Amino acid sequence: MVTQLPSSTPKGIMYPDSDGQPMADNTKQFELIVWIKNNLELLFANDPNVFVAGDLLWYPMEDDNKLRQAPDVMVVFGRPKGYRGSYKQWLEDNIAPQVVFEIWSPGNRISQMAKKFEFYERYCVEEYYLYEPDVVDLTGWQRRNSRLEVIDQMVGWVSPRLGVRFELSEEELQIYRPDGDRFLTHFELDQQRKQEKERAEQQRQRAEQAEAQLEALHALLKERGINPEQL
């Protein structure tokens, strides 16, 4: 069930749905954001209380519309799926996103990323993952007590919240679902859909062929004076 949450806020304070910044600085960053976001949506498609979003402004505190971040991807457990112009935490049972992904781009500055880290640490993100595609480097942090502490070994790391496993080759990041299947690209998902459609068509044709053969056999038996129902 898709839920549309109230968009109005009290006291006349405006919480813009856009910060005027582009979602991505280049095609590689954009494709990675979409890849992670879409695969996480598929992973939790049957759970109505897991909300996944990409590049959505998150306001953690009411009455402060300057305090905000737009994670490349965020996952919120305990909140319904549905449309949001922004994520206003006080309208979401005060539940903060538990998992956040950021994709490093050439336009990012170290000071900017440090501020993001401080924001995520302060406002209760449980897992934060930062991927640098140009150097194929993944850094992760997990909340321990009140701090985000670096995860020493990311290769083979399994997210406690998501259940996914991270692997790094010399060329790219790979993420695996709890069932062992790899996160697929849009092209791979489309190819998989086509293959499943072809398999279903082949099964239909085989079933029709078997039915036709059975009918032919029954007709032959009747021609010879044999009742198929008595066999």
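First, a word on what this report is: a plain description of the structure on this page. (Residues numbered from 1 in each chain as written. Predicted model: local features only at pLDDT ≥ 70, side-chain atom pairs only at ≥ 80, totals over all residues. Heavy atoms only, no water.)

**Regarding the overall build of the chain**
Inclusion rule: Strands are runs of DSSP state E lasting at least 2 residues, helices are runs of H or I lasting at least 4, and numbering of each runs from the N terminus. Under the scheme applied here, a residue whose accessible area is under 20% of the maximum for its type counts as buried, over 50% as exposed, and between as partly exposed, the area being computed with a 1.4 Å probe on protein chains only. The contact criterion used throughout is that any non-hydrogen atoms of two residues lie within 4.5 Å. The accessible surface values rely on the Shrake-Rupley method and a 1.4 Å probe; as for residues, cover is taken only from the protein chains in view.
Scanning the chain from N- to C-terminus turns up 3 helices and 10 strands. Listed by position from the N terminus, the elements making up the chain come as α-β-β-β-β-β-α-β-β-β-β-β-α. Put simply, the chain has 231 residues, and 38% of those count as buried. Contacts spanning at least 24 positions in sequence make up 57% of the contacts within the chain whose residues lie at least 6 apart. Counting only carbon and sulfur atoms, one obtains 49% of the accessible surface of the chain, whose full area is about 14000 Å².

**Things to note about the environment of Cys 124**
With respect to the secondary-structure elements, Cys 124 resides in the loop between helix 2 (110–122) and strand 6 (127–132). Of the residues examined, Cys 124 reaches a relative accessible area of 48% and is grouped as partly exposed. Distance from Cys 124 to Arg 147, taken between C-alpha atoms, is 8.5 Å for residues 23 residues apart in sequence.

**Digging into the pairing of strand 6**
Rule in force here: A pair of strands is labelled paired if DSSP reports no fewer than 2 bridges between them. With the strands aimed away from the viewer, a crossover counts as right-handed if its path from the first strand over the helix to the second runs clockwise.
Across the 6 residues of strand 6, 5 count as buried, placing the element largely inside the fold. Bridge analysis of strand 5 (residues 99–103) against strand 6 gives 5 bridges, and the strand direction is parallel. Bridge pairing links Val 99 to Glu 127 in strand 6. Once the chain exits strand 5 it traverses helix 2 before rejoining the sheet at strand 6, and the crossover so formed is right-handed.

**A look at the sheet that holds strand 6**
The strands that make up a sheet are held in pairs by hydrogen bonds between backbone atoms, and each pair lies either parallel or antiparallel. Here is the rule: Note on definitions: angles span 0 to 180 degrees between N-to-C directions of axes, and those axes are lines fitted to C-alpha atoms, for helices only across the stretch in contact.
Strands sit in the order 1-3-5-6-7-8 across an open sheet of 6 strands; the sheet is mixed. Both edges of this open sheet fall to strand 1 (50–54) and strand 8 (147–150), since each of them pairs with a single strand only. In this sheet, neighbouring strand axes are inclined to one another by 15° on average, regardless of whether the strands run parallel or antiparallel. Taken together, the 4 bridges between strand 7 (residues 137–144) and strand 8 define a ladder with antiparallel strand orientation. Looking at the pairing, Trp 141 lines up with Val 150 of strand 8. Against the sheet, helix 1 (residues 27–43) contacts strand 1, strand 3 (73–77), strand 5 and strand 6, and its axis sits at roughly 160° relative to strand 5.

**Looking at the packing of aromatic side chains**
Applicable threshold: Side-chain rings of Phe, Tyr and Trp, where Trp is taken by its six-membered ring, are said to pair if the distance between their centres is within 6.5 Å; with planes under 30 degrees apart they count as stacked, over 60 as edge-to-face, and otherwise as tilted. Our definition puts a charge over a ring when NZ of Lys or CZ of Arg is within 6 Å of the ring centre and also within 35 degrees of the ring normal.
For the structure on display, the rule yields 16 aromatic pairs. Centre to centre, the rings of Phe 44 and Phe 77 are 5.3 Å apart; their planes meet at 90°, and the pair counts as edge-to-face. Of this pair, Phe 44 sits in the loop between helix 1 and strand 1 while Phe 77 sits in strand 3, and the two are 33 residues apart along the sequence. Residue classification places Phe 44 among the buried positions, given a relative accessible area of 12%. A ring pair is formed by Tyr 120 and Tyr 128, whose centres lie 5.0 Å apart and whose planes are at 65°; its orientation type is edge-to-face. Side by side, Tyr 120 and Tyr 128 carry an identical accessibility label, which is buried. These aromatic residues form a ring-pair network of at least three members: Trp 58, Phe 117, Phe 119, Tyr 120, Tyr 123, Tyr 128 and Trp 141. Between the NZ or CZ atom of Arg 84 and the centre of the ring of Phe 51, over which it lies, the distance is 4.0 Å. Above the ring of Tyr 176, the side-chain terminus of Arg 165 is found at 4.5 Å from the ring centroid.

**A short note on the pattern of salt bridges**
Once the charged atoms of two side chains with opposite charge are near each other, the side chains can pair. The test is simple: Salt bridge, as applied in this entry: a Lys or Arg side-chain nitrogen positioned within 4 Å of an Asp or Glu carboxyl oxygen.
Within this structure, the stated rule accounts for 11 salt bridges. In this structure, Asp 134 and Lys 28 form a salt bridge, with 3.3 Å as the shortest nitrogen-oxygen distance. A residue pair is termed long-range when its members are at least 10 positions apart, and Asp 134 in the loop between strand 6 and strand 7 and Lys 28 in helix 1 qualify at 106 residues. Residue Lys 28 is classed as partly exposed on the basis of its relative accessible area, which comes to 40%. Here Arg 79 ties to Glu 92 by a salt bridge, and the two come within 2.7 Å at their closest N and O atoms. Placement of the pair is Arg 79 in the loop between strand 3 and strand 4 (87–88) and Glu 92 in the loop between strand 4 and strand 5, with a sequence separation of 13 residues.

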